[in-house]
Amino acid sequence: MSKTFLYIFLTISAFAPSSFGQRIGGNFSCSKIFQIITAEEVIKAYEKAWNNSKIYCEGYCDSNVTKLFIAIKKTIPGLHANEVNVLIISQPLGRVAESADEGVYTALKPRGERRPWKYHVVLEFRGVIFDLDYTDRPLPLPKARYFKEFFDHEMISKLVVYVVTGEEYFMSSSKYKVDIPIFMKNKQPIPAFKFAHTP
C-alpha cells in the first residue's frame, strides 16, 4: 500500500458520518496526526461565526454552543469533537434554578441585557473559552481571565463547573436540545474559583 493511498484512506475514514454526533464531531482517526489545529485557527473561525444570527439566540446557551461548534467545524473540517470541552457553569450539587429569577449569577459583561441565568454553557479549546454571550464583540479569552472578568469574586466562590467532552455533549444533542441536569448529575463538579486561578 503506497503512502499516498494510505493517507487518502485515513482522511476519508475520519469523516465518514454515521450519527448526529459523528456528523458534527467526526470520528477519531489516525489522520489527526496530519493536521494539528491551533487555537489561532479556532479563534478566527469563532470570530467569523459570532455575528451569525442563525448561530446565536439569547437565552439558549446550551444549544448555541452546539451550533457554534458546527460553524467552527465547517471552517476547520479537521477539528474533532473530542478536542473540545463544553463547560456547564451552575450552582453546586447539580441544582438548576427553577426560573431565571432564581438565577445563580449575573454576568458582569454580557452580550445583551444584564440578567440572572439558571446556568451557563460555553465552549473550551486548549484553555481558551469561546462564549457567544461574552461582551458585545467576539472576545475569546484564556479560561482564568474569562472567569475573573465575567463573574465577580463573590459569585465565583458560589459556582461550580461541570466539564463535558465535546463528543459526549454533541452526541446527546437532539435538534440542539440538551438535558443539562443529566450532565450535572453524572459529572463531578469543580469549584469555579479553580478555573479562575488556573492558567
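Residues numbered from 1 in each chain as written. Predicted model: local features only at pLDDT ≥ 70, side-chain atom pairs only at ≥ 80, totals over all residues. Heavy atoms only, no water.

(A) Expanded view of the overall build of the protein. Within the protein, the secondary structure is distributed over nine helices and eight strands. Per-residue burial for the protein yields a buried fraction of 47% across its 199 residues. The contacts of the protein with a sequence gap of at least 6 include a subset with a gap of at least 24, amounting to 69%. Accessible area for the protein stands at about 10700 Å²; split by element, carbon and sulfur atoms hold 56% of it. (Helix = DSSP H or I, 4+ residues; strand = E, 2+ residues; numbered from the N terminus. Buried < 20%, exposed > 50% of the residue type's maximum accessible area, 1.4 Å probe, protein only. Contact = heavy atoms within 4.5 Å. Areas by Shrake-Rupley, 256 points an atom, 1.4 Å probe, with all protein chains shown as cover.)

(B) Local environment of the nonpolar core. In terms of nonpolar packing, the biggest core is built from 37 residues, with L68, I72, V121, L123 and Y169 touching the most fellow members. Within the residue set of this core, elements represented by two or more residues are helix 3 (39-50), helix 4 (61-75), strand 1 (85-90), strand 4 (120-125), strand 5 (128-130), strand 7 (160-165), helix 7 (166-171) and helix 8 (180-186). I72 has contacts with V42, A45, Y46, L79 and L123, leaving out every residue within four places of it along the chain. Counting 18 residues, the second largest nonpolar core, distinct from the first, contains Y134, F151, V161 and A196. (Core = buried A, V, L, I, M, F, W, Y, C linked by side-chain atoms within 4.5 Å.)

(C) How the structure looks around the confidence of the model for the protein. Mean pLDDT over the protein stands at 76; residues scoring 70 or higher make up 67%. Within the model, pLDDT remains below 50 along residues 1-25, and this stretch shows 39 contacts once partners closer than five positions in the same chain are excluded. Per-residue pLDDT stays below 50 along residues 27-33; that stretch engages in 16 contacts with residues further than four places along the chain or on separate chains. (pLDDT = per-residue confidence, 0-100.)

(D) Quick peek at the sheet that holds strand 8 (residues 190-191). Taken in spatial order, the six strands of this open sheet run 6-5-4-1-7-8, and their pairing is antiparallel. Lying at the two open borders of the sheet, with one neighbouring strand each, are strand 6 (141-142) and strand 8. The pairing of strand 4 with strand 5 spans three bridges and is antiparallel. Across the sheet, the residue bridging to E124 is I129, located in strand 5. (Pairing = 2+ DSSP bridges.)

(E) How the structure looks around helix 4. In this model, helix 4 (15 residues) spans 21 Å end to end at C-alpha, consistent with the 21 Å of a helix rising 1.5 Å per residue. Of all 15 residues that make up helix 4, 13 are buried, and the element is covered over most of its length. (Expected span 1.5 Å × (residues − 1).)

(F) Inspection of the pairing of strand 4 at higher detail. Of all six residues in strand 4, six are buried, a share of seventy percent or more. Here strand 4 shows no split at all, with H120, V122 and E124 on one side and V121, L123 and F125 on the other all buried. Between strand 4 and strand 5, which pair antiparallel one after the other, the connecting turn spans two residues, and R126 there sits at a positive phi close to 50 degrees.

(G) The pattern of salt bridges, seen in detail. Enumeration over the complete set of coordinates arrives at two salt bridges. Two residues, R145 and E149, come together in a salt bridge whose shortest N-O distance is 2.7 Å. On the criterion of helical spacing, the pair formed by R145 and E149 is a turn pair, its members being four residues apart in helix 5 (residues 143-150). Taking the relative accessible area as the measure of exposure, R145 reaches 42% and is therefore partly exposed. Owing to a relative accessible area of 23%, E149 belongs among the partly exposed residues under this scheme. The closest approach of N and O atoms between E168 and K187, which form a salt bridge, is 2.8 Å. Here K187 lies in the loop between helix 8 and strand 8 and E168 lies in helix 7, a separation of 19 residues in the sequence. Judged by its relative accessible area of 35%, E168 is partly exposed. Since its relative accessible area comes to 23%, K187 is described here as partly exposed. (Salt bridge = Lys/Arg side-chain N within 4 Å of Asp/Glu carboxyl O.)

(H) Broad picture of the environment of K194. Its place among the elements puts K194 in helix 9 (residues 192-196). For K194, a relative accessible area of 46% puts it in the partly exposed group. Sequence-wise, K194 and V160 are 34 residues apart; in three dimensions their C-alpha atoms are separated by 9.2 Å.

(I) The arrangement of the packing of aromatic side chains in detail. Enumeration over the complete set of coordinates arrives at 12 aromatic pairs. Ring plane angle 55 degrees and centroid distance 5.7 Å describe the contact between Y134 and Y146, whose orientation is recorded as tilted. Pair noted here: Y134 is in the loop between strand 5 and strand 6 and Y146 is in helix 5, with a separation of 12 residues, a long-range link. Since its relative accessible area comes to 1%, Y134 is described here as buried. With centroids separated by 5.9 Å and ring planes inclined at 40 degrees, the aromatic side chains of F147 and F151 adopt a geometry described as tilted. (Phe/Tyr/Trp six-rings, centres within 6.5 Å; stacked < 30°, edge-to-face > 60°.)

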